Amino acid sequence: MTRKPLIAGNWKMHGSLADSRKLVEALRGGVTAGARATMLLCPPYVYLSAVHEWVRGSPIVLGAQDIADKPATGAYTGEVSGQMLSDVGCSYVIVGHSERRALYGETDAVVATKLKAAQAAGLTPIACVGETLEQREAGETRSVISGQVAAIVDAAGVQALAKAVIAYEPVWAIGTGRTATPEQAQEVHAFIRGLVAARDATIAAGLSILYGGSVKGANARSLFAMADVDGGLVGGASLVAAEFLDIFRAAA
Ligand code: PGA
C-alpha cells in the first residue's frame, strides 16, 4: 500500500494577513503539480478564505486547526462547524492538537466527537496523539498513545480511520527544538499502525501517520525515511517559506 506523503503546516495563532499572503506566494512557487507529496496549509480560521483564494490553481490544499464538536449549526457562540470549513475550501482539519488538549481542556471524548463532526462534513481529520515528557520518562508512552487511539476507534469505529490521518506529536518535541529521533518516531508510528492493524489490517496499511514536533529542513529527510512516517505536521518551520519548502522537498 503506498501512502502519499502529506506535509501539513500548522500556523497556530501566528502572522498577519500580509505575512500570510507573502508566505503563500513564496510557497506556491515551490510546489509543482505532480509532486509526490501533498502540501497542506492550516491558517487561522479568519484567514482561510483569503488563503483559499491565494492557493487557487495550485496543488496546495487547505485545512483548519480546529472544528466545533457539534455536527450541525446552532447557538454555539464562537464555534465554527465542519460545513462552514468545507464552504471556505477546507479539505482537512486538525483535531486534538496537544495545545487544544492542554490549554482548552479537550478530552479524548471531545477529540473523537470532533473527528466524527469533521467526517460528517466531508473533511479529513488529522487526529493528534502524543505523550508528555513526564509520561515518556515514566515509561508510559505506549499506554498513553494506545488510550488516545482507542478513544477514537471506540467512539468512531475503525472504519473512520479509512478517511483520517493520525499525527504523532510527542508533546516534549513541540516548539522545543527537541525532535524525536527517527528511531523514536518510527517506534511509535509502528506501534500506532499495529494498534489499528489489530482491528483492521487493510485500514492500518493505508493509514497516513504524520510526525510532528520540531520538524525542520535539517531533520525532515531522516524522519521521512522511516517506514511508518508518512509526512509531517509542522508548526514553527511552516511559517518560513524556505524552511517549509525544504521539508516539503524532503517528502516530495
Ligand atoms: P513545531 O509544532 O513544529 O513548532 O514543533 C508542531 C505542532 O504543534 O504541530
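The preceding data block contains the structure.
First, a word on scope: everything that follows refers to the structure included in this document. The structure displayed is predicted, hence computed values, not measured ones.

What counts, and where the lines are drawn
- Residues numbered from 1 in each chain as written.
- Predicted model: local features only at pLDDT ≥ 70, side-chain atom pairs only at ≥ 80, totals over all residues.
- Heavy atoms only, no water.
- Near = heavy atom within 4 Å.
- Polar contact = N/O pair within 3.5 Å; in protein donor to acceptor, adjacent residues only side chain to side chain.
- Nonpolar A, V, L, I, M, F, W, Y, C, P; charged D, E, K, R; others polar.
- Core = buried A, V, L, I, M, F, W, Y, C linked by side-chain atoms within 4.5 Å.
- Buried < 20%, exposed > 50% of the residue type's maximum accessible area, 1.4 Å probe, protein only.
- Helix = DSSP H or I, 4+ residues; strand = E, 2+ residues; numbered from the N terminus.
- Contact = heavy atoms within 4.5 Å.
- Phe/Tyr/Trp six-rings, centres within 6.5 Å; stacked < 30°, edge-to-face > 60°.
- Lys NZ or Arg CZ within 6 Å of the ring centre and 35° of its normal.
- Salt bridge = Lys/Arg side-chain N within 4 Å of Asp/Glu carboxyl O.
- Axes fitted to C-alpha atoms, helices over the stretch in contact; angles between N-to-C directions.
- Left-handed = near helix turned anticlockwise from the far one by under 90°.
- Expected span 1.5 Å × (residues − 1).

### Re the site of the ligand
Reasoning step 1: Neighbouring the ligand are 13 residues; Lys12, His97, Glu169, Gly175 and Ser214 lie closest to it.
Reasoning step 2: Within the backbone of glycine 175, one N or O atom sits 2.6 Å away from an oxygen atom of the ligand.
Reasoning step 3: Between the ligand and the protein, one listed contact pairs an oxygen atom with a backbone N or O atom of glycine 236 at 2.8 Å.
Reasoning step 4: For the shell around the ligand, a count of residues per class yields four nonpolar, seven polar and two charged.

### Some points on the nonpolar core
Reasoning step 1: With 69 residues, the main nonpolar core has Leu41 and Phe224 as its most contacted residues.
Reasoning step 2: With seven residues, helix α11 (residues 241–251) is the single largest residue contributor to this core.
Reasoning step 3: Apart from the residues within four sequence positions on either side, leucine 41 is in contact with Gly9, Trp11, Val24, Leu27, Val51, Val55, Ile60, Val61, Leu62, Gly63 and Phe244.
Reasoning step 4: In terms of nonpolar packing, the next biggest core, distinct from the first, is built from twelve residues, Cys42, Ile94, Ile126 and Leu210 among them.

### Examining the packing of aromatic side chains
Reasoning step 1: Taken as a whole and assessed by the stated rule, the structure comprises one aromatic pair.
Reasoning step 2: Seen from the ring of tyrosine 76, lysine 70 lies directly overhead, with NZ or CZ sitting 5.2 Å from the centre.
Reasoning step 3: Over the ring of tyrosine 104 we find arginine 100; its NZ or CZ atom is 4.2 Å from the centre of that ring.

### Here we look at unusual backbone geometry
Reasoning step 1: A positive phi angle is found at lysine 12, which is not glycine, with a value near 55 degrees.
Reasoning step 2: The topology assignment puts lysine 12 in the loop between β1 (6–10) and α1 (17–28).
Reasoning step 3: You can call lysine 12 buried: its relative accessible area is 18%.
Reasoning step 4: Phi angles above zero are rare outside glycine, and serine 214 is one such case at about 55 degrees.
Reasoning step 5: Residue placement: serine 214 occurs in the loop between β7 (208–212) and α10 (217–224).

### Here's the deal with the pattern of salt bridges
Reasoning step 1: This structure, assessed with the given rule, holds 16 salt bridges.
Reasoning step 2: Among the ionic pairs, aspartate 66 bridges to arginine 100, the shortest N-O distance being 3.4 Å. Remark: arginine 100 occurs in helix α4 (residues 98–103) and aspartate 66 occurs in the loop between β3 (61–64) and α3 (82–87); sequence separation between them is 34 residues.
Reasoning step 3: You can call arginine 100 partly exposed: its relative accessible area is 24%.
Reasoning step 4: Among the salt bridges present, the one from aspartate 246 reaches arginine 221, with a minimum N-O distance of 3.8 Å. Separated by 25 residues along the polypeptide, aspartate 246 in helix α11 and arginine 221 in helix α10 bring together distant segments of the chain.
Reasoning step 5: A residue is classified by how much of its surface remains accessible, and aspartate 246, at 27% relative accessible area, is partly exposed.
Reasoning step 6: Residue classification places arginine 221 among the partly exposed positions, given a relative accessible area of 44%.
Reasoning step 7: Via salt bridges that share partners, Arg3, Arg193, Asp228 and Asp230 belong to a single interconnected network.

### Section: the packing of α1 against α11
Reasoning step 1: Between α1 and α11, the shortest axis-to-axis distance is 9 Å and the interhelical angle comes to 35 degrees. The two elements α1 and α11 cross, and the hand of that crossing is right-handed. Facing α1, whose interface residues are Leu23, Ala26 and Leu27, α11 presents Ala241, Phe244 and Leu245.

### Examining helix α8 (residues 182–197)
Reasoning step 1: With 16 residues, α8 extends 22 Å from end C-alpha to end C-alpha; this agrees with the ideal 22 Å at 1.5 Å per step.
Reasoning step 2: The set of residues buried in α8 consists of Pro182, Ala185, Gln186, Val188, His189, Phe191, Ile192, Arg193 and Val196.

### Looking at the side chain of aspartate 230
Reasoning step 1: Within the secondary structure, aspartate 230 sits in the loop between α10 and β8 (231–234).
Reasoning step 2: Of the residues examined, aspartate 230 reaches a relative accessible area of 7% and is grouped as buried.
Reasoning step 3: Among the polar contacts made by the side chain of aspartate 230, one reaches the side chain of arginine 193 at a distance of 2.8 Å.
Reasoning step 4: One polar contact links the side chain of aspartate 230 to the main-chain amide nitrogen of isoleucine 209, over a distance of 2.8 Å.
Reasoning step 5: The contacts of aspartate 230, once residues within four sequence positions are left out, are Arg3, Lys4, Pro5, Leu6, Arg193, Leu207, Ser208, Ile209 and Leu210.

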